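# Architecture at a glance
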Amino acid sequence: MSRYRKYQRKIRRYQKKLSRQKSKLKKKLSDFKHFIYKIGISSTEEFRLDKNSTPISFPSHLGVIFIGEFDNDTILFQSILENLEKIFPSFFFHIHHLGSYDFSTEVFSKGIMKELKDIEESSELLSLHPTNKFHQLIISKKEQYNLDQIIAITDLPLYSSSDNNIIFLIGEAHVPHQSCIVSTLKLRETFYARASNEKLFEERLNKEIIHEIGHLILGTEHCDTQLCVMSYSDTIEKIDNKSTLLCNKCRIRLRIVKQKYNF
Ligand SMILES: [Zn+2]
Ligand SMILES: [Zn+2]
């Protein structure tokens, strides 16, 4: 009898533990859903980017746009500006701060109201932003401001329009359209449930921005030198393991571009 009671107590303990875990998990899921709904876009319909692009020449006018909730975009921009001018000297006539941008209004005017409706109707629909939507949006901004290149920095989760298997993409460059995007989501220590570290975040962000702008200038190829900022990095560890600088080989490639455009 006592053994029976002992087992019963054990079972109750496990049941309690299980229900605690369940409610924890439920809360996590609802937080995540809330986050996705807040940004309000599904991936059921993709934008298709047209293949026509305008030829680029250097030096260029580059625009930097912030999409999402950034309360310190002016400070961030200053650091981005200094880094880009250091790594790509004389490549830009001017780097323009296009400010913070509210995504939602443009989304409506882009005619994807239906998708927003879908989300309201289906509480189970969870998806991320395909990068083509960002590219299309910022390419139109690039044209509006008469710029040659544009980079968007967003705190929203992204996935690549060209590869559905990758979720929570960190950055992507669209070379023919001279547009690129960096998502800050995975760059923050808080994403990994660690204490916030602004300095580290800024360094990671600058590495990724230099990397994507590097693609716009040098092409889609990655560098095989691990320390080089143009090496491929899909995890935060790989980003932390590389420097903010170009290796000698990439610096030579940069010089060739300079010679080509004669500046
Ligand atoms: Zn890359
Ligand atoms: Zn390199």
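As a reminder, the structure under discussion sits directly above these lines.
The notes below deal with the structure included here.

Turning our attention to the overall build of the chain. The number of helices and strands found in the chain is eight helices and seven strands. Taken over 263 residues, the chain has a buried fraction of 29%. Counted over contacts in the chain with a minimum sequence separation of 6, partners at least 24 positions apart contribute 70%.

The next thing to look at is the packing of helix H2 (residues 73-87) against helix H6 (residues 198-218). Taken N-terminus to C-terminus, the directions of H2 and H6 make an angle of 45°; their axes are 10 Å apart at the nearest point. Taken together, the axes of H2 and H6 lie oblique to each other. For the pair H2 and H6, the crossing hand works out as right-handed. Contacts between H2 and H6 involve Ser 79, Ile 80, Asn 83, Leu 84 and Ile 87 from the first element and Glu 202, Asn 206, Ile 209, Ile 210 and Ile 213 from the second. Taken together, the residues that form the contact of H2 with H6 break down as six nonpolar, three polar and one charged.

Our focus in this paragraph is the nonpolar core. Where a protein is soluble and globular, its nonpolar side chains tend to be buried together. Of all hydrophobic cores here, the largest spans 43 residues; its most connected members are Val 64, Ile 65, Ile 151, Ala 152 and Ile 213. Going through the elements one at a time, strand S1 (60-67), H2, strand S2 (92-101), helix H5 (131-144), strand S4 (149-154), strand S5 (158-159), strand S7 (179-183) and H6 are the ones with two or more residues in this core. The element that contributes the greatest number of residues to this core is H6, accounting for six residues. Residues in contact with Ile 213, not counting those within four places in the same chain, are Leu 84, Phe 88, Ile 151 and Cys 180.

Compared with an ideal rise of 1.5 Å per residue, which puts 14 residues at 20 Å, helix H8 (residues 248-261) spans 20 Å between its outermost C-alpha atoms and is within 8% of the ideal. Counting buried positions along H8 gives one out of 14 residues, so the element sits mostly on the surface.

Looking now at the environment of Glu 221. As for its position among the elements, Glu 221 is in the loop between H6 and helix H7 (236-241). Taking the C-alpha atoms as reference, Glu 221 lies 9.2 Å from Tyr 232; in sequence the two are 11 residues apart.

Scoring rules and cut-offs
- Residues numbered from 1 in each chain as written.
- Chains lettered and ligands numbered in written order.
- Predicted model: local features only at pLDDT ≥ 70, side-chain atom pairs only at ≥ 80, totals over all residues.
- Helix = DSSP H or I, 4+ residues; strand = E, 2+ residues; numbered from the N terminus.
- Buried ≥ 20, exposed ≤ 12 C-beta atoms within 10 Å, placed from the backbone.
- Contact = placed C-beta atoms within 7 Å.
- Axes fitted to C-alpha atoms, helices over the stretch in contact; angles between N-to-C directions.
- Parallel < 35°, antiparallel > 145°, perpendicular 65-115°, else oblique.
- Left-handed = near helix turned anticlockwise from the far one by under 90°.
- Nonpolar A, V, L, I, M, F, W, Y, C, P; charged D, E, K, R; others polar.
- Core = buried A, V, L, I, M, F, W, Y, C linked by C-beta atoms within 7 Å.
- Expected span 1.5 Å × (residues − 1).

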